[in-house]
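Chain by chain, the residues run as shown.
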2 protein chains.
Amino acid sequence: MKRLAILGSTGSIGQSTLSIVEQFPDRYSVAALAAGRNVDEALAQAARWHPQLVSMATEELADQLASRLRQAGISGTEVVHGTAGTVACSTLPQADFVVSAIVGVAGLEATHAAILAGKPVGLANKECMVAAGEILTAAARERNVPILPIDSEHNAVHQCMRVGAHHEVKTIWLTASGGPFRQTPLEQFAGITPEQALKHPTWVMGRRITIDSATLLNKGLEVIEACRLFDVPPSQVRVTVHPQSTVHSLVEYVDGSILAQISVTDMRLPILYALAYPERPASSLTFDLAALRHLDFEEPDFQRFPCLRLAFEAAEKGGAHCIALNAADEVAVEAFLGRRIPFSGIPDTIERVLAATPEAHPATISEVLEEDRRARERAAQLVL
Amino acid sequence: MKRLAILGSTGSIGQSTLSIVEQFPDRYSVAALAAGRNVDEALAQAARWHPQLVSMATEELADQLASRLRQAGISGTEVVHGTAGTVACSTLPQADFVVSAIVGVAGLEATHAAILAGKPVGLANKECMVAAGEILTAAARERNVPILPIDSEHNAVHQCMRVGAHHEVKTIWLTASGGPFRQTPLEQFAGITPEQALKHPTWVMGRRITIDSATLLNKGLEVIEACRLFDVPPSQVRVTVHPQSTVHSLVEYVDGSILAQISVTDMRLPILYALAYPERPASSLTFDLAALRHLDFEEPDFQRFPCLRLAFEAAEKGGAHCIALNAADEVAVEAFLGRRIPFSGIPDTIERVLAATPEAHPATISEVLEEDRRARERAAQLVL
């Protein structure tokens, strides 16, 4: 029985994780939930799963949850809050495995603490690896703690990497859906509206990640994540546009063999893989290969998607540049959604923030957070 | 340094194997060559590779080679002949690895002997596994001898099987190019000529295997081979038609993940994989993934390709039925090429031979060969 600490339990990945626990009650139980701001959902989850610990974003929300738990007659669940609360969840001695699914750098400290505590991590938080991947992977290597990727691309890469030795890997190929503007002419990019950009062809996701998919910045973050997770330089990571999102990624070996992973586009599959690794429990998440007809691939267009180029450049520089890329993008996407900058203003803002970013390699999480704050300030000034 | 015994050294797989030895002189050397009937080529190979042993098909050919070796001043190479000679090659104490690439059941005894002698086998001989797979795999399991498949499909499956446990495999999907008649209407099948059938869309191969690709019997033999090599029932093997022959096969796991292997269509790749396993040496056999545009898949049509149905039926019955399938097909293909029966006569002949075949499981190689002889006789009478 694996006892889980789920950071971001009320979000999409958190809920999918709980649906896996529901499906495999003999394999998984819930030890701790970091739930954020949704008291109703946190209450429902606590009532259903009886975690030892629940963390809310603020003291006020924690008090609300505690009082509603009392009213409902639910005992045995302690309620904590804030970053310290999230860290308490991720380091709970009774938890065997931490699912890190808090969006943004908010989950960073708790994820780092989980690794320091020697707990295997299922990582759904891209920004953690982008902003602090050097620190997290170094800590994980030192303690021999596995970090199992919970996103479809890196999960696919993780699977394909099992077919050879690390030094035999030539190139990691991340697939990209190409987003809604894959075939939009360059001259129309300036006029793209938030409404157009929020329509993703394949996945239903949050607002920022949907815009990031439209700019391909999301794929750029994944390039950086791949470098960190799999310990390869950016020159060994490439992107191929694959509109069907059926092949989730590929790994090319030095002998010439390429391994690819195919599955349904359902996050429960990488979650189950991470939780059960190295086992593969039988699931109902089947892909109908007999019905497969066509798979299309094309090269990404770095001219129409400058965010992808910027990400590769940041990946080469590492450290502060990766932090700034992520932070500046988050600010720029908000500004775009608020109609303060055009679609093409997203890469412009990122490029200008990167140009003002020193080549530095923060060595601690607080240095990372400080660099993140500075980049956000720089970006905020640009999108005023 | 791995010292190889190459059975079928003058054939296409044998020559490709020697080109791999040429490319990796620090990894591989040649201990023995079973060369068959081509004395010129056997002489050239002996001169180049200085094997300890060379076997020719007959005593007369062996004498010719021995005398030409003397004339050429090449010493240190003993020349033997016949089945005993091939067995001497495959069991040579100085050989570490046996490449089994003699076409047809002729290579069966030597391959069995290699396994009994505890030597890892790279198997390019499909008929071995179809006719005597039950015996060969039992012997290999008993002695813990690896059998590494040297054909693109099973080699791909072998790679994809490394990503999970055996009991986690749900379905092995073999890809088939579909052959030249993939889109030919059923009513035109009776009139297909040998010239039409000998044009294979993707691979350049021998005559029988080219016809077998056109009838999909070849894929049927591979279904049986997959059952034996990977110890799964026929119900766990399926075929998908993939005209580009880019994905060489796929393995579907019970959790829903499907792993696929992609590479150039060059037999040197599976040969290198088998020789080097579990390592992957760097090769120049690269597939240009950036240039990949489309992959197409479709379900096989069992009505137009009854040989595939017959193979699945034979796979279910095992033993004598698999032997008869292979033997009857070889006779029928010869008759088709000799214009004695129409294209549709190939499955008809096989079906009638299978109908007259008892459900039996030969327990020795000589029983297998006896069953093979009987099936050929039955088929020969039908195609007179």
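Right, let's walk through the structure included here. Note that the structure is predicted; figures quoted are calculated from it, not measured.

All names here are of chain B. Along its 19 residues, helix α13 (residues 319-337) runs 28 Å from first to last C-alpha, staying within 8% of the 27 Å computed at 1.5 Å per residue. For α13, the buried fraction is high: 17 of the 19 residues fall into the buried class. Once α13 ends, the next one or two residues include R339, with phi positive near 60°.

As a further point, take unusual backbone geometry. Following A:Y277, the chain continues to A:P278 via a peptide bond in cis, the omega torsion being 5°. Positive phi, normally seen in glycine, also occurs at B:H50, with a value near 50°. Examined against the element boundaries, B:H50 turns out to sit in the loop between α2 (39-49) and β3 (53-56). Residue B:H50 is classed as exposed on the basis of its relative accessible area of 55%.

Rotating chain A by 180° and moving it 0.0 Å along the rotation axis overlays it on chain B with an RMSD of 0.0 Å. Within this description, the copies of the chain are treated as partners about a two-fold rotation axis. Both copies present the same face, since 100% of the interface residues in chain A are matched by interface residues at the equivalent positions in chain B.

Residues and elements named next belong to chain A. With respect to the secondary-structure elements, G319 resides in helix α13 (residues 319-337). Residue class for G319 comes out buried when judged on its relative accessible area of 3%. Considered as a pair, G319 and E359 are 40 residues apart in the sequence and their alpha carbons are 7.3 Å apart. If we skip the residues at most four places from it in the chain, G319 touches E134, R228, A360, H361 and P362.

A word on the nonpolar core. One finds A:I172, A:L325, A:I346, B:I172, B:L325 and B:I346 to be the most contacted residues of the largest nonpolar core, which totals 180 residues. Beyond its immediate stretch of four places on either side in the chain, A:I346 contacts A:I211, A:T215, A:C307, A:D329, A:A332, A:V333, A:F336 and A:I341.

A few words now on the pairing of strand β1 (residues 2-7) of chain A. Residues and elements named next belong to chain A. Here β1 pairs with strand β2 (residues 28-36) via 6 bridges, running parallel. Across the sheet, L7 pairs through a bridge with A34, a residue of β2. Taken together, β1, helix α1 (residues 12-23) and β2 form a β-α-β motif whose crossover is right-handed. Bridge count for β1 against strand β5 (residues 97-100) is 4 bridges, and the pairing is parallel. Directly across from A5, in β5, lies its bridge partner V98.

Criteria and cut-off values
Residues numbered from 1 in each chain as written. Chains lettered and ligands numbered in written order. Predicted model: local features only at pLDDT ≥ 70, side-chain atom pairs only at ≥ 80, totals over all residues. Heavy atoms only, no water. Helix = DSSP H or I, 4+ residues; strand = E, 2+ residues; numbered from the N terminus. Expected span 1.5 Å × (residues − 1). Buried < 20%, exposed > 50% of the residue type's maximum accessible area, 1.4 Å probe, protein only. Least-squares fit on C-alpha atoms with pLDDT ≥ 70 in both. Contact = heavy atoms within 4.5 Å. Core = buried A, V, L, I, M, F, W, Y, C linked by side-chain atoms within 4.5 Å. Pairing = 2+ DSSP bridges. Right-handed = clockwise from strand over helix to strand, strands pointing away.

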